[in-house]
Amino acid sequence: MSQRQFIEAFDHYQRSKLHFVQIVADMSIKPRNIKILQEAGVISQLRPLVYEMVPSIQHNVVLALGRLADHNEELAMIVVQEDILPQLVQSIPSQKRSYKKAAVFVLQAVAKYSPELSQAVVDCGGLNALVHCLEDFDPGVKEAAGSALGIIAQHNAMLSQAVVDAGAVPLLVFSLQEPEMAVKRIAASTLSEIAKHTPELAHVVVDTGILAHLPQMICSSNAKQKRPVLSVLSQISKHSAELAEMVIIADIFPAVLVCLQDPDDYVKKNAVTLLKEVVKHSADLSQVIVNCGSVPEVVDYLCKSHGHMQLPGIMLLGYVGGHSKNLAMDVIRAKGLQQLAICLSEDNEQHIKAATVWSIGQIGHHTPEHANAVATAGLLLKVLQLYMQVSSSEDLRIKSKKTLKNILLKCTHLPSLEPLLYNTPSKILKYVLGQFSKMLPHDNKARQTFVTSGGLRKVQEMDAEPGSALQEQINAINSCFPEEIVQYYSPGYSEILLERLENYKPSKVDPSTEETQDQPDRQHPMVAQAQEDPSHTPRAKPPHQLLQRPQAEKRRSPPSKHLHPNTQQVAPVASPSTGTQKHKAP
């Protein structure tokens, strides 16, 4: 074989390798080809080509490996098992920018699935290579390296600490000052992933002077830049009141409140999240945020958002309202309860409803005034329905029960409590009846309303075990009313009346003797005189008197109706000897 033929064969071999890796790289873009390539064992065939000296072949091999690993965790695990990463990491510093970007993409694709795969990247020296790429002059390489570091740091505190130990944080803060928007955005996002795990990591981020650069970035018109900036401020603020105070001192207001009116939904959400992380620490920090006029803005945000976007706003109202009664009243005056009622009526997920119920309880548990505000907003019945629903999660049921208990113990608005008398579990009903037993003895109008509205009847229909707390509350309510009214509204009372009517037998009365039967102890004076003196013979009366007698008897009324209370009527009685009339007391 001549030298020319050998060169042609060698050239053909190189072109074939390039053609092969180009086809694999192109096929790995489409998901439908991944299974075919995986069954063909393409990663094992690509592994020897990683050491290829031809730049075009090297670049396409690394690009194909990154695309394959990016599709599923199984292929990423094969890349690790084939021991490809150490060669990639070792070659990064000496390669051109296109290769660096492709190699960093492989590291990111492997690390994104789990902490274990991220640890494999760390173990092969990937962090040092990524930090080296942060110092590269090419913005694309910096962006790719920053993104890979964020992917590694997001999993847990140990990996984030490894990123910090590799010296990435100062370079990331320096990247915030780069003119390229993409580099700034990725740097802020990565710093957010580092700071979110522990207060110590957040302090490391703050100590690099990051708070001096972020407030200016909030004022940017680029929504993609404002999202990660607000996020890193939130992750710093959430750990402690000290860090939250440092964020506030950095003059982030009123720029953050302006972000609440931003057209981008995620900018608004991140701004509300930042406010939530600040107010949760103390009443003083909450007062600072309230004084800035943020509560009405948050209520307006809840009105315009839906689903998971509402969660930070709902929790913010709960944190603010839970610190003190004055802050809770600020939420009530800003129509926060009405907006929470709307959020509770929407078809949200269980954890969002649980957060809403929790916030309602935080606002309404302070005083009767706060509890009555919750009751008049119609929230008690909504929370009760969530507590009774079979589909409600355990967390939602626990929060609903606690909220109902705390508010019912303070609520004095009885019209709002009456609907809770119907179809309410005994564990909640005892608190409702307890409030009625406290209020009814001191309010006559409330007692009348309780009777006319059917509340007393419903109480009598309740089936409580003797000696139970529920029975004691029922007895306390019954003691506020006359016994006849309680009996009238008791179950079965109408049947008792009908039975008495059925067994009742009226006596037959002669009209002519009705007066005598009605007054058996009264006797005619002449009869009484005859019983006293048998020898006395009554004098015959003239006929006109006999005729007028019936009319006189009709006109005559019982003597007791004519007697003055201080006088006594005496009846005339004829004397036995002289026939003259004497007076004798009947």
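Look above for the structure.
Residues numbered from 1 in each chain as written. Predicted model: local features only at pLDDT ≥ 70, side-chain atom pairs only at ≥ 80, totals over all residues. Heavy atoms only, no water.

Visitor: Just give me the short version of the overall build of the protein chain, but keep the residues and values in it.
Guide: Of regular secondary structure, the protein chain possesses 38 helices and two strands. In the protein chain, the proportion of contacts linking residues at least 24 apart, taken out of those at least 6 apart, comes to 68%. In the structure as shown, the protein chain presents an accessible area of about 31100 Å², 54% of it carried by carbon and sulfur atoms. (Helix = DSSP H or I, 4+ residues; strand = E, 2+ residues; numbered from the N terminus. Contact = heavy atoms within 4.5 Å. Areas by Shrake-Rupley, 256 points an atom, 1.4 Å probe, with all protein chains shown as cover.)

Visitor: How would you sum up the packing of helix α13 (residues 181-195) against helix α16 (residues 223-237)? Please name residues and give values.
Guide: At a minimum axis distance of 8 Å, the contact between α13 and α16 shows a crossing angle of 20°. With respect to each other, α13 and α16 are oriented roughly parallel. Handedness of the α13/α16 crossing: left-handed. Where α13 abuts α16, its residues Met-181, Lys-184, Arg-185, Ala-188, Ser-189, Leu-191, Ser-192 and Ala-195 lie against Lys-224, Gln-225, Pro-228, Val-229, Ser-231, Val-232, Gln-235 and Ile-236. In the contact of α13 with α16, the residues fall into eight nonpolar, five polar and three charged. (Axes fitted to C-alpha atoms, helices over the stretch in contact; angles between N-to-C directions. Parallel < 35°, antiparallel > 145°, perpendicular 65-115°, else oblique. Left-handed = near helix turned anticlockwise from the far one by under 90°. Nonpolar A, V, L, I, M, F, W, Y, C, P; charged D, E, K, R; others polar.)

Visitor: Go over the nonpolar core, please, and point to the residues and values.
Guide: Side chains of a nonpolar character, in soluble globular proteins, are inclined to be buried together. Among the nonpolar cores identified, the biggest contains 168 residues, and Leu-46, Ile-210 and Ile-236 are the most heavily contacted of them. With nine residues, helix α7 (residues 97-111) is the single largest residue contributor to this core. Excluding residues within four positions of it along the chain, Leu-46 makes contact with Phe-20, Val-21, Val-24, Val-61, Ala-64, Leu-65 and Leu-68. (Core = buried A, V, L, I, M, F, W, Y, C linked by side-chain atoms within 4.5 Å. Buried < 20%, exposed > 50% of the residue type's maximum accessible area, 1.4 Å probe, protein only.)

Visitor: Got a sec to walk through the packing of aromatic side chains? Specific residues and values, please.
Guide: Taken as a whole, this structure holds four aromatic pairs when the rule is applied. Aromatic pair Phe-450 and Phe-481: ring centres 6.1 Å apart, planes at 20°, arrangement stacked. Of this pair, Phe-450 sits in helix α31 (residues 444-452) while Phe-481 sits in the loop between α33 (469-478) and α34 (483-488); the two residues are 31 residues apart in sequence, bridging distant segments of the chain. Side by side, Phe-450 and Phe-481 carry an identical accessibility label, which is buried. Each residue in the set Phe-436, Phe-450 and Phe-481 is aromatic and connected to the rest through ring pairs, giving one cluster. In this arrangement the basic side chain of Arg-397 is found over the ring face of Tyr-387, its NZ or CZ atom lying 4.9 Å from the centre. (Phe/Tyr/Trp six-rings, centres within 6.5 Å; stacked < 30°, edge-to-face > 60°. Lys NZ or Arg CZ within 6 Å of the ring centre and 35° of its normal.)

Visitor: So what's going on with the state of the cysteines? Residues and values would help.
Guide: By the definition in use, this model includes zero disulfides. Its sulfur unpaired, Cys-343 is 8.9 Å from the next cysteine sulfur, which belongs to Cys-303. On the accessibility criterion, Cys-343 (1% relative accessible area) is buried. (Disulfide = S-S within 2.5 Å.)

Visitor: So what's going on with helix α23 (residues 325-333)? Which residues, and what values?
Guide: Residues of α23 that are buried include every one of Leu-327, Ala-328, Met-329, Val-331 and Ile-332, and no others. Buried residues in α23 make contact with α20 (283-291), α21 (294-304), α22 (311-323), α24 (336-345), α25 (350-364) and α26 (368-376).

Visitor: Help me get a handle on a positive patch on the surface, residues and values and all.
Guide: A contiguous patch of positive charge, built from Lys-401, Lys-405, Lys-427 and Lys-430, is present on the exposed surface. Those elements giving two or more residues to the positive patch turn out to be α28 (394-408) and α30 (426-439). One can find Lys-430 in helix α30. (Patch = residues over 30% accessible without salt bridge, like charges linked within 9 Å, V, L, I, M, F, W, Y side chains within 5 Å. Salt bridge = Lys/Arg side-chain N within 4 Å of Asp/Glu carboxyl O. Lys, Arg positive; Asp, Glu negative; His and termini not counted. Charge placed at Lys NZ, Arg CZ, Asp CG, Glu CD.)

Visitor: An account of the pattern of salt bridges is needed here, citing residue identities and associated values.
Guide: Inspection of the entire model under this criterion finds 15 salt bridges. Across the pair Lys-196 and Glu-193 runs a salt bridge, and its minimum N-O distance is 2.9 Å. Assessed through its relative accessible area of 25%, Lys-196 is described here as partly exposed. Residues Arg-333 and Asp-330 are paired through a salt bridge, measuring 2.7 Å at the closest nitrogen-oxygen approach. One end of the pair is Arg-333 and the other is Asp-330, both in helix α23 and three residues apart, which spans about a single turn. One network of salt bridges, with partners in common, ties together Lys-276, Glu-277 and Lys-280.

Visitor: So, unusual backbone geometry: which residues are in play, and what are the values?
Guide: Each neighbour pair has its own omega, and for Phe-253 with Pro-254 the value is 5°, a cis peptide bond. The residue Pro-254 is located in the loop between α17 (241-249) and α18 (255-259) in this model. Here Asp-251, not a glycine, exhibits a phi torsion of approximately 60°, which is positive. Mapping Asp-251 onto the fold places it in the loop between α17 and α18. Taking the relative accessible area as the measure of exposure, Asp-251 reaches 61% and is therefore exposed. Positioned with a positive phi, Asn-423 is a non-glycine residue whose angle comes to about 55°. Among the secondary structure elements, Asn-423 is positioned in the loop between α29 (414-417) and α30. By relative accessible area, Asn-423 is classed as exposed at 65%.

Visitor: Please set out the environment of Thr-376 residue by residue, giving values where relevant.
Guide: Mapped onto the fold, Thr-376 is located in helix α26. Under the relative-accessibility criterion, Thr-376 is labelled exposed at 52%. Separated by 39 residues in the primary sequence, Thr-376 and Pro-415 have C-alpha atoms spaced 8.9 Å apart. Residues within four places of Thr-376 in sequence aside, it is in contact with His-413 and Ser-416. Polar contacts involving the side chain of Thr-376 include one to the main-chain carbonyl oxygen of Ala-373, which spans 3.1 Å. (Polar contact = N/O pair within 3.5 Å; in protein donor to acceptor, adjacent residues only side chain to side chain.)

Visitor: I'd like to hear about the packing of α7 against helix α10 (residues 139-153), residue by residue, with values.
Guide: For the pair α7 and α10, the least separation of the axes is 9 Å and the interaxial angle reads 15°. Compared by their axis directions, α7 and α10 come out roughly parallel. α7 and α10 meet at a crossing whose hand is left-handed. Of α10, the residues touching α7 (which contributes Arg-97, Lys-100, Lys-101, Val-104, Gln-108 and Ala-111) are Gly-140, Val-141, Ala-144, Ala-145, Ser-147, Ala-148, Ile-151 and Ile-152. Here the residues of the contact of α7 with α10 sort into eight nonpolar, three polar and three charged.

Visitor: How would you explain α7 if you had to name every residue and give the values?
Guide: Three- or four-residue spacings in an α-helix give side chains the same orientation, since the helix completes a turn every 3.6 residues. With 15 residues, α7 should cover 21 Å at 1.5 Å per step; its first-to-last C-alpha distance of 21 Å lies within 8% of that length. Buried residues belonging to α7 abut α4 (55-71), α5 (73-81), α6 (85-91), α8 (115-123), α9 (126-134) and α10. (Expected span 1.5 Å × (residues − 1).)

Visitor: Requested: an account of the side chain of Glu-418, with residues and values cited.
Guide: Here Glu-418 is to be found in the loop between α29 and α30. Among buried Asp, Glu, Lys and Arg side chains, Glu-418 stands out as unpaired, with Arg-457 the closest opposite charge at 11 Å.

Visitor: Break down the environment of His-213 for me, with residues and values.
Guide: With respect to the helices and strands, the residue His-213 is situated in the loop between α14 (199-207) and α15 (214-218). Residue class for His-213 comes out partly exposed when judged on its relative accessible area of 24%. Leaving out residues up to four positions away in the same chain, His-213 has contacts with Val-173 and Gln-177.

By themselves, these are just geometric observations and shouldn't be taken as functional.
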